Amino acid sequence: MTFATIDIAVVVLYAIGIFGLAQWVSGARQAGAQTSTDYFLASKDLPWWAIGASLIAANISAEQIVGMSGSGYAIGLAIASYEWMAAATLLLVGKFFLPIFLQNGIHTMPQFLEQRYGPRLRTIMALFWLALYVFVNLTSIIWLGSIAIHKVTGLNQDWALVVLGVFALLYQLRGGLKAVALTDIVQVTLLVLGGIVISGLTLGRLGGDGGIIAGWHRLVAELPEHFHMILRRDDPHYADLPGISVLVGGMWIANLSYWGFNQYIIQRALAARSLGEAQKGILFAAFLKLLMPAIIVLPGIAAVLLAPGLAKPDEAYPTMMALLPSGLLGLVFAALVAAIIASTASKINSIATIFTLDLYAKLHPGEAGPEREAGLVRTGRIAASLAMALAILTARPLVGASEQAFQFIQEFTGFFTPGITVIFLFGLFWKGASEAGAIAAAVGSVALSWLGKVYAPGVPFLDRMALVFLATATLAVVVSLARPGAAGANRIDTATVDTRTGAVFNAGAVAVLVILAALYATWW
């Protein structure tokens, strides 16, 4: 692959521009010393467009672009269910979860657990999320990003890891969530533009003189097995996406946990200037999720014809980038880097938020004031730096051996996801849930998932997740009834929460659901 001078210029201009913009945003409208609310929650003043764009920028990174394109190469369009089902999940989050979180002044998910159940669960889950974010999510993002950089530029992959990690760290270190969220509209615009370019050019190459339309028809005609949303039992990838269970089973559990109860994602909505802005931002993100497969999965499917016989599916997207002419290669590469940097910076900020507010602040209480606030911000920056150093050092041994990194992430987190979903759903909607029941759900989820993995390896992991969810929910009910919570343990107000939504959200939600129905009906 030849990286011409113009390509280098495009990437350098992007890096300088986005870094400068982030630093300018960090200082803009900042009167006086920076508080923890400013740093971790963007002064609770995010508009809807920043929330929606930041949700997608945080979510769509190397693990999606490189990983899902690789799964598109290996599996086909069916992997798009992770995107399209997420659009429906976001609607539920906006209508039923956010009103409770915002009315109760929730800043972090462990904080919600303490106010609902008690302090022990807050500490347990804060430690869990820190480990997950650093050693699974953050390592995966920078590892897959380094694959793309190495493939496109020839830069040593270990150096690529360091460059990505350090740039993302410095990008958000000063301004925190504000620097991330208010620049993500630029990142998402570049991501979508770059994705459209590579999808259009790969289809154009397939279509020859017939152009993009002919390329699309050729792709569908020659690879019909790659265009089924619901896989049959005899499909070699059924274990990854087990048929109708994708629509009614474990994927719902994974999506509810990720989009509704994941600090890394929900933090943007918690920083909204109002509930209405948060819900409009959620709706904006849902529409963007409908678009994602066209710019992420499609190039991977096209690579089956344009670059058959790749050593690993995760090489599909970088290989398609090699087909681009000079100038456009730089643009698409800048879009890929933008997605990686935005997602990495978001993850770093969430790690710093949980460590500082849910662990450090609880272990080191003090009187509110400027010195206290400055200390919390300083602690967050130190935590962010240490987290990135750990991720760089452990990315290769933890993620490098996986054939499909996206599937690795889904299956690993699936051990914990059923329990997390039970804990939060019961915490939100069942007053009888107790801290003992919640802890039993957390422990039971891991134990039952491990037993299922070892003793029933033939069960697809999404189906296993659904079965473990049902078993864990039953366990949580039994333990909660046997060991009810102490009087006053539940400090979450749900009785006065209004879940009615405005006309814009309602009309948009209907449109999203109609589009989803049409997509699945077409590619069933």
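It should be emphasised that the depicted structure is a prediction, and the values quoted were computed from it without experimental measurement. Numbers given to residues run from 1 along each chain, matching the order in which its sequence is written. Under the rules for a predicted model, residues below a pLDDT of 70 receive no local features and side-chain atom pairs below 80 are neither given nor counted, while totals for whole chains, interfaces and linings still include all residues. As a convention, hydrogens and water are excluded, and side-chain values are obtained from all of the structure's heavy atoms.

Trainee: Explain the overall build of the chain here, please?
Mentor: In DSSP terms, a helix is any run of H or I states spanning at least four residues, a strand is any run of E spanning at least two, and both are numbered starting from the N terminus. Helix and strand counts for the chain stand at 23 helices and zero strands. Against the compact-globule benchmark of 24 Å for 524 residues, the chain has a radius of gyration of 22 Å, which places it among compact chains. Taking the principal axes of its C-alpha atoms as reference, the chain extends roughly 75 × 55 × 50 Å. Three exposure classes are used, based on accessible area relative to the maximum for each residue type with a 1.4 Å probe and protein chains only: buried under 20%, partly exposed in between, and exposed over 50%. A burial count over the chain gives 62% of its 524 residues as buried. Should any heavy atoms of two residues lie within 4.5 Å, those residues are considered in contact. Across the chain, contacts joining residues at least 24 apart in sequence account for 85% of those joining residues at least 6 apart. When the accessible surface of the chain is split by element, carbon and sulfur atoms take 68% of a total near 19300 Å². Distance from the positive charge centre (30 side chains) to the negative charge centre (27 side chains) of the chain: 7 Å. We compute the radius of gyration from the C-alpha atoms alone; for a globule the expected value is 2.2 Å times N to the 0.38, where N is the number of residues. Per-residue and other accessible areas were derived by the Shrake-Rupley procedure at a 1.4 Å probe size, with only the shown protein chains allowed to occlude residues. Charge convention: Lys and Arg are scored as positive, Asp and Glu as negative, and His as well as the terminal groups of each chain are ignored. Note on charges: their place is set at NZ of Lys, CZ of Arg, CG of Asp or CD of Glu.

Trainee: Help me out: how do you make sense of the nonpolar core in this one?
Mentor: For soluble globular proteins, nonpolar side chains are generally found buried alongside one another. Counting 189 residues, the largest nonpolar core has Phe101, Trp129 and Leu241 as the members making the most contacts within it. Take this core: its biggest share by element is 20 residues, from helix α17 (residues 328-363). For this analysis, a nonpolar core means a set of buried residues of the types Ala, Val, Leu, Ile, Met, Phe, Trp, Tyr and Cys, connected via side-chain atoms within 4.5 Å.

Trainee: Just checking my understanding: could you explain empty space enclosed by the protein for this structure?
Mentor: In this approach a probe as big as a water molecule rolls over the atoms, and the regions it shows empty are the leftover space. Using a 1 Å grid laid over the protein atoms alone, points where a 1.4 Å probe fits but cannot get out form a cavity; open sets with protein on both sides within 12 Å along at least 5 of 7 lines form a pocket; any residue with an atom within 4 Å of a point counts as lining. Grid points are joined across faces, edges and corners, and a volume is the space filled by probe spheres set on the points. Taken as a whole and assessed by the stated rule, the structure comprises four cavities of 30 Å³ or more. Put simply, the second largest cavity is a space of about 50 Å³. Lining the second largest cavity, in full, are Ile65, Leu191, Gly194, Gly195, Ile295, Ile296, Tyr317, Val332, Ala335 and Leu336. For the lining of the second largest cavity, the secondary structure elements donating two or more residues are α10 (184-207), α15 (275-306) and α17. The residue classification treats Ala, Val, Leu, Ile, Met, Phe, Trp, Tyr, Cys and Pro as nonpolar and Asp, Glu, Lys and Arg as charged. All others, Gly included, are polar. Here the residues of the lining of the second largest cavity sort into eight nonpolar, two polar and no charged.

Trainee: It is not clear to me how the packing of helix α21 (residues 435-455) against helix α22 (residues 461-482) should be interpreted in this structure. Could you clarify?
Mentor: Relative placement of two packed helices is described by the angle separating their axes and the distance separating the axes. Running from amino to carboxyl end, α21 crosses α22 at an angle of 150 degrees, the nearest separation of the two axes being 8 Å. Here the hand of the crossing between α21 and α22 comes out right-handed. Along the contact surface, α21 presents Ala436, Gly437, Ala440, Ala441, Gly444, Ser445, Leu448, Ser449, Gly452 and Lys453, while α22 presents Arg464, Val468, Ala471, Thr472, Leu475, Ala476, Val479 and Ser480. Tallied by class, the residues present in the contact of α21 with α22 amount to nine nonpolar, seven polar and two charged. Axis lines are fitted through C-alpha atoms, for helices just across the contact stretch, and the angle between N-to-C directions can take any value from 0 to 180 degrees. When the near helix sits turned anticlockwise from the far one by under a right angle, the crossing is termed left-handed; a clockwise turn instead gives a right-handed crossing.

Trainee: I'm lost on the layout of surface pockets in this one. Help?
Mentor: What the largest pocket holds in volume is close to 310 Å³. In this structure, the largest pocket is lined by 16 residues; those nearest its centre are Val11, Ile149, Val163, Phe333 and Val337. For the lining of the largest pocket, the secondary-structure elements that each account for two or more residues are α1 (5-27), α7 (119-153), α8 (157-173) and α17. The dominant element in the lining of the largest pocket, judged by the number of residues it contributes, is α1, at five residues.

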